[in-house]
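# Descriptive analysis of the structure
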Amino acid sequence: MIEPARTKDDGVVMITCRQASVLLSKREDMPLGRADRLKLKLHLALCSLCRNVARQFAGIRLAMRRLRDGD
Amino acid sequence: MAKTVAHPPLDFEVLASHRAYLMKIARLELRDEHLAEDMVSDVITQAYEHRASFRGEASLRTWLTTILKNRIVDLLRKQWREQPLDPLPADNDDFDPLFDNSGHWAQIPSDTPDPAQLCEQDAFLGAVRMCVEKLPKRIAQVFVLREVFGSDTKELCKDLGLTTSNVWVQLYRARVMLRMCLEKGGFAPPEARA
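Residues numbered from 1 in each chain as written. Chains lettered and ligands numbered in written order. Predicted model: local features only at pLDDT ≥ 70, side-chain atom pairs only at ≥ 80, totals over all residues.

## Quick notes on the overall build of chain A
Scanning chain A from N- to C-terminus turns up three helices and zero strands. Taken over 71 residues, chain A has a buried fraction of 34%. Within chain A, residue pairs in contact and separated by at least 24 positions form 51% of the contacts whose partners lie at least 6 positions apart. (Helix = DSSP H or I, 4+ residues; strand = E, 2+ residues; numbered from the N terminus. Buried ≥ 20, exposed ≤ 12 C-beta atoms within 10 Å, placed from the backbone. Contact = placed C-beta atoms within 7 Å.)

## Here's the deal with the overall build of chain B
A count of helical and extended segments in chain B gives nine helices and zero strands. Secondary structure elements of chain B, listed N to C terminal, follow the sequence α-α-α-α-α-α-α-α-α. Residues classed as buried in chain B amount to 32% of the 194 residues present. For chain B, the proportion of contacts with a sequence separation of at least 24, taken over those separated by at least 6, is 67%.

## Details of the nonpolar core
The tendency in soluble globular proteins is for nonpolar side chains to be buried side by side. Residues and elements named next belong to chain B. Counting residues in hydrophobic clusters, the biggest one holds 63 residues, and the most contacted among them are V128 and V142. No other element matches the ten residues that helix α9 (residues 164-182) contributes to this core. Counting only domains with at least three residues in this core, you end up with domain 1 (12-82) and domain 2 (90-192). What V142 contacts, discounting residues up to four positions off in sequence, is L156, L160, V167, Q170, L171 and A174. (Core = buried A, V, L, I, M, F, W, Y, C linked by C-beta atoms within 7 Å. Domains from an automatic or database assignment.)

## Looking at the domain arrangement of chain B
All names here are of chain B. Each assigned domain of chain B is listed here: domain 1 (12-82) and domain 2 (90-192). When each unit is reduced to the centre of its C-alpha atoms, the spacing between domain 1 and domain 2 is 25 Å. In this complex, domain 1 contributes nine residues to the contact, which on the side of domain 2 involves nine residues. Mapped onto the side of domain 1 that touches domain 2, the elements with two or more residues apiece are α2 (19-30) and α4 (60-82).

## Regarding the environment of E49 of chain B
For E49 of chain B, the location among the structural elements is in helix α3 (residues 33-49). Distance in space between the C-alpha atoms of E49 of chain B and F12 of chain B is 9.6 Å, their sequence separation being 37 residues.

## Section: the interface of chain B and chain A
Interface size is commonly expressed as the accessible surface area that is lost when the partners come together. Taken together, the contacts link 32 residues of chain B with 26 residues of chain A. For the side of chain B that touches chain A, the elements supplying multiple residues, two or more each, are α5 (115-119), α6 (122-134) and α9 of chain B. With seven residues, α9 of chain B is the single largest residue contributor to the side of chain B that touches chain A. A breakdown of the residues in the side of chain B that touches chain A according to their chemical character gives 19 nonpolar, seven polar and six charged. (Nonpolar A, V, L, I, M, F, W, Y, C, P; charged D, E, K, R; others polar.)

## Thoughts on the packing of helix α3 (residues 48-69) of chain A against α9 of chain B
Here α3 of chain A crosses α9 of chain B at 100°, and the two axes come no closer than 10 Å. By the criterion of interaxial angle, the relationship of α3 of chain A to α9 of chain B is roughly perpendicular. From α3 of chain A, V53, Q56, F57 and I60 of chain A reach across to α9 of chain B, where they touch R175, L178, R179 and L182 of chain B. Here the contact of α3 of chain A with α9 of chain B is composed, by residue class, of five nonpolar, one polar and two charged. (Axes fitted to C-alpha atoms, helices over the stretch in contact; angles between N-to-C directions. Parallel < 35°, antiparallel > 145°, perpendicular 65-115°, else oblique.)

## What to know about α6 of chain B
Its 13 residues give α6 of chain B an end-to-end C-alpha distance of 18 Å, which sits within 8% of 18 Å, the value for a rise of 1.5 Å per residue. Those residues of α6 of chain B that sit buried are F124, A127, V128, C131 and V132 of chain B. Buried residues of α6 of chain B, viewed axially, fall in a sector of 135°; they line one side. Within α6 of chain B, the exposed residues directed more than 90 degrees away from the buried face are D122, M130 and E133 of chain B. Residues of α6 of chain B that are buried sit in contact with α3 of chain A together with α2, α5, α7 (137-147) and α9 of chain B. (Expected span 1.5 Å × (residues − 1). Arc of directions from axis to C-beta.)

## A word on the environment of L24 of chain A
All names here are of chain A. As for its position among the elements, L24 is in helix α1 (residues 17-26). Counting along the chain gives 34 residues from L24 to A58, while the straight-line C-alpha distance between them is 9.3 Å. Other than its neighbours up to four places away in sequence, L24 contacts V53, A54 and F57.

## A look at the confidence of the model for chain B
Here chain B averages 88 in pLDDT, and 86% of its residues register 70 or above. Under the prediction, the complex receives an ipTM of 0.87, its pTM being 0.87. (pLDDT = per-residue confidence, 0-100.)

## Topic: the packing of α3 of chain A against α6 of chain B
Between α3 of chain A and α6 of chain B, the shortest axis-to-axis distance is 10 Å and the interhelical angle comes to 90°. Taken together, the axis directions place α3 of chain A and α6 of chain B in an arrangement best described as roughly perpendicular. Seen from α3 of chain A, the contacting residues are I60, A63, R66 and L67 of chain A; seen from α6 of chain B, they are F124, L125, V128 and R129 of chain B. The class makeup of the residues in the contact of α3 of chain A with α6 of chain B is six nonpolar, no polar and two charged.

In structure tokens, the structure reads:
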């Protein structure tokens, strides 16, 4: 739970959990651009809640593979 | 047409030995046992008829999966034409209750073990299967094509006639709905289950 921080030029460097959640899904489907990647990395470094969601999305992907390839 | 066949011709039994696998993935996508059976039988027959075009570059399973996927995509396109997708709300507004006004989690995600650790538990895999079955049909169709058939964003756009952002929104919805469903115990570490 972190507040969005702003740089001098008022560009948002810290994304919200809501935005992070969208990027966490998007990165499962395509490589993120540099800016998004950095924003997400910074957010995850500071937000344990979103780190849990990252593990959840990754767990869902892995589970789908296991359901497909397991017996 | 294939002029050189470098591998022995495929016999029907070899093709049919992949039936169980094809049924498993067809069921996930179609949610209809009879439809899945019919389609898988067609795929095996079609593959047998066109066995000369199998070059052995991909594995047999991959080749059969592609044939099945093409069948499924044809069917979905037909179904979706008759009943188009609901227009998308702008910016994922349907998940508003998950976040407060400043974009923080309103419903706190629970502590979650590493993916590999999660997937060691049959209970987790079972919960994922159950939650996928509960997804709205269209969303599940896109999600299973992505995660089980391995279609990428570009293929999904082309195959289903969706825009890129539309595909992302469908997949995002699927993942969020799944994690909400799994929050009801699915993510619990093993020691919390007992």
